[in-house]
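Tertiary structure, described
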Amino acid sequence: MNLTAAQFRKLRDLVYERSGIHLSEGKQALLQARLSKRLRALGPTSVEEYFRRLEKDEHEMVAFLDAVSTNHTYFFRESHNFRYLSESHLSIWCAASSSGEEPYSLAIHCLEKGFQPSILASDISTRMVDAGKRGVYDAAKAKNIPPDLLRRYFQRGLGSWSGCIRVKESIRRMVTFKRFNLLTDPVPEQGFDVIFCRNVLIYFDRTVKEEVVQRLYRALRPSGYFIVGGAESLHNLQHPYRYVAPSVYVKPDDSP
């Protein structure tokens, strides 16, 4: 299956409209490979037939966006920014949580510091949300977990689960996973003390970046932290946050 230039543009525009993800012309091979997975899962069908299905089948649209989204993370990634968390932070939102390593790392860090926040973990990918709920990972993912934390907060798989680790139930109970589209879903009314939105803005163009950071601003309490990825910045964007440090911003106290 080879996408024509017109088919690529149509799919690219659809992905942008529904998720905000910007796919450059150089991503045609990537999009073609991920589309092929969906076509194989559905059985024999043409690209044009698939377009028509996407127009009327919201479940398939979710599956398509799931296939297109990029998910790469690991435990305690960029954990230096965890130092901004304190016992006054009782509600945390990981707004692009991928397969769950980030929210579980946050939960462990907070417990080690003596407090237990509630953590919402969301992602556009239903596959990643389900993986986060399971909390089961390849043991290779443990390489950045300090040995004492690995013993306290994880179980090693036996038998058919050999080579895997699982987050202990006490940690899994601290995290609530849900699917969430940063661009289109209603922002939770709950005011969060901290919002992590890391390593996802790099996939958006300036217009979508500004819309997303404004939407998340409404979900943040005054004095709440907004933390993006190490390769990301709000520099050159129109936004209401106050700069604290690289990747770290705060909602001013006097904000409504």
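Residues numbered from 1 in each chain as written. Predicted model: local features only at pLDDT ≥ 70, side-chain atom pairs only at ≥ 80, totals over all residues. Heavy atoms only, no water.

1. Some remarks on the packing of aromatic side chains
As a reminder, the rule being used: Aromatic rings from Phe, Tyr and Trp, with only the six-membered ring used for Trp, were paired whenever their centres fell within 6.5 Å, and each pair was classed as stacked if the ring planes differed by under 30 degrees, edge-to-face if by over 60, and tilted otherwise. Strands are runs of DSSP state E lasting at least 2 residues, helices are runs of H or I lasting at least 4, and numbering of each runs from the N terminus. The buried label applies to any residue whose accessible area, calculated with a 1.4 Å probe on protein chains only, is under 20% of its type's maximum; exposed applies above 50%, and partly exposed to all values in between. We call a charge positioned above a ring when the Lys NZ or Arg CZ atom is no farther than 6 Å from the ring centre and deviates by at most 35 degrees from the ring normal.
The full count for this structure, using the stated rule, is twelve aromatic pairs. Judged by centre distance (5.3 Å) and plane angle (90°), the ring pair of Phe75 and Phe154 falls under edge-to-face. Residue Phe75 is found in the loop between helix H4 (58–68) and strand S1 (91–94), and its partner Phe154 is found in strand S4 (residues 154–156); the two are separated by 79 residues along the sequence. The same class applies to Phe75 and to Phe154, which are both buried. Three or more aromatic residues link up through ring pairs in this structure, and these residues are Phe75, Tyr137 and Phe154. Directly above the aromatic system of Phe51 lies the positively charged group of Lys10, at a separation of 4.3 Å from the ring centroid.

2. Section: the environment of Arg215
Note the following rule: The criterion used for residue contact is that any of the two residues' heavy atoms lie within 4.5 Å.
Tracing the backbone through its elements, the reader meets Arg215 in helix H9 (residues 206–218). Residue Arg215 is classed as buried on the basis of its relative accessible area, which comes to 10%. Sequence separation of Arg215 and Gly229 is 14 residues, and the distance between their C-alpha atoms is 18 Å. Among residues more than four places away in sequence, those in contact with Arg215 are Phe180, Asn181, Leu182, Leu183, Thr184, Asp185, Pro186 and Val187.

3. Side note on unusual backbone geometry
Phi is positive for Glu78, which is not a glycine, with a value near 50°. Mapped onto the elements, Glu78 comes out in the loop between H4 and S1.

4. A look at the sheet that holds strand S5 (residues 164–167)
Heads up, the rule is: In this analysis, strands are considered paired if DSSP registers two or more bridges between them. Fitted lines through C-alpha atoms serve as axes, helices being fitted only where they are in contact, and the angles separating the N-to-C directions of these axes extend from 0 to 180 degrees.
The three strands lie next to each other as S3-S5-S4, forming an open sheet whose pairing is antiparallel. Each edge of the sheet is formed by a strand with only one pairing partner; in this case those strands are strand S3 (136–138) and S4. Strand-to-strand twist of the sheet, defined as the mean angle between neighbouring strand axes without regard to direction, takes the value 30°.

5. A few points about the confidence of the model for the protein chain
The predicted structure's coordinates, where accompanied by low pLDDT, should not be read in detail. Basically, it comes down to this: Every residue carries a pLDDT, the predictor's confidence in it, which falls somewhere between 0 and 100.
Chain-level statistics for the protein chain give a pLDDT mean of 90 and a share of 97% at 70 or above. At the level of individual helices and strands, the protein chain shows its lowest average pLDDT in H4, which scores 83, and its highest in S1, which scores 98.

6. Considerations on the pairing of strand S7 (residues 192–197)
For a regular strand, the rule is simple: side chains alternate between the two faces of the sheet. Selection criterion: Looking down the strands as they point away from you, a crossover is right-handed if its path from the first strand over the helix to the second goes clockwise.
Counting buried positions over the six residues of S7 gives six, a clear majority of the element. By the bridge criterion, three bridges tie S1 to S7 in an arrangement that is parallel. Counterpart to Trp93 in the pairing with S7 is Ile195. With respect to chirality, the unit in which S7 leads through H9 into the neighbouring parallel strand S8 (residues 220–228) is right-handed.

7. Notes on the environment of Tyr104
Mapped onto the elements of the fold, Tyr104 is located in helix H5 (residues 101–112). Residues Tyr104 and Val47 lie 57 residues apart in sequence; the distance between their C-alpha atoms is 39 Å. Not counting the four nearest positions on each side in its chain, Tyr104 is found in contact with Phe75, Gly132, Lys133, Gly135, Tyr137, Val167, Ile171, Arg172, Val175 and Phe177.

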